[in-house]
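So you can see what is in the structure, the chains are spelled out below.
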Amino acid sequence: MAYLRKEKQTVEIDYALKKVWAAIPEVLTSLEWTVEQTDDAAHHMRVKTKAGFMSYSSTLTIDGVSVDEKTSRVTVKAETPVTTITSIADFGRTKERIQLFFEALAAKLNSRKKS
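## Here's the deal with the overall build of the protein chain
Counting secondary structure elements, the protein chain contains 3 helices and 5 strands. Reading the protein chain from its N end, one meets helices and strands in the order β-α-β-β-β-β-α-α. Surface summary for the protein chain: the accessible area is close to 7,000 Å², and the carbon and sulfur share equals 54%.

## What to know about the pairing of strand 2 (residues 34–39)
Relative to strand 3 (residues 44–48), strand 2 runs antiparallel, the two being bridged by 5 bridges. Residue Thr34 lies in a different strand from strand 3, and its bridge partner there is Lys48. Where strand 2 folds back onto strand 3 in an antiparallel hairpin, the turn is made up of 4 residues, including His43, whose phi is positive at roughly 55°.

## Observations concerning the environment of Gly92
Along the polypeptide, Gly92 turns up in the loop between helix 2 (86–89) and helix 3 (93–114). Spatially, the C-alpha atom of Gly92 lies 9.1 Å from that of Arg5, the residues being 87 residues apart in sequence.

## Considering the side chain of Thr59
Positionally, Thr59 belongs in strand 4 (residues 59–68). Given the relative accessible area of 14%, Thr59 is considered buried. Excluding its chain neighbours within four sequence positions, the residues that come into contact with Thr59 are Glu36, Arg46, Val47, Lys48, Lys77, Ala78 and Glu79.

What counts and what doesn't
- For every chain, the first residue of the written sequence is number 1, and numbering continues from 1 onward in sequence order.
- Predicted model: local features are reported for residues with pLDDT of at least 70 only, side-chain atom pairs are reported and counted for 80 or more only, and whole-chain, interface and lining totals are derived from all residues.
- Hydrogens are left out, water is left out, and the side-chain values use all remaining heavy atoms of the structure.
- Helix and strand definitions here come from DSSP, where helices need a minimum of 4 consecutive H or I residues and strands a minimum of 2 consecutive E residues; each element is numbered from the N-terminal end.
- Areas reported as accessible are Shrake-Rupley estimates using a 1.4 Å probe. Residue values count occlusion only from the protein chains shown.
- Whether two strands pair comes down to DSSP finding at least two bridges between them.
- Relative accessibility thresholds used throughout: buried, under 20% of the residue-type maximum; exposed, over 50%; partly exposed, between the two (1.4 Å probe, protein chains only).
- When checking whether two residues touch, look at their non-hydrogen atoms; a contact exists if any pair is within 4.5 Å.

So, in structure tokens, the structure goes:
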């Protein structure tokens, strides 16, 4: 029997939404994740991660909104299909993939600040 393991995380970032949204495709390329759908006007993106050993790929939905001129809010929702067997080896992987995305995004934005 298969079901979806779902996670969600929202982070406020001290960068304008324009800079954050421009950095996201570079982050996804560095993680080797595939963009399935994008709407730049609505700041909405659907992404597929790579599958791992004994785990399926996750589908991430990334949404960005501007809080003010210098702050943006990014929400990532992730879903990973699991079965009774793969759920044992996959415990926490969905949340780890969200964390990995935010860490890579922070690194990219911070490297741009230094340059």
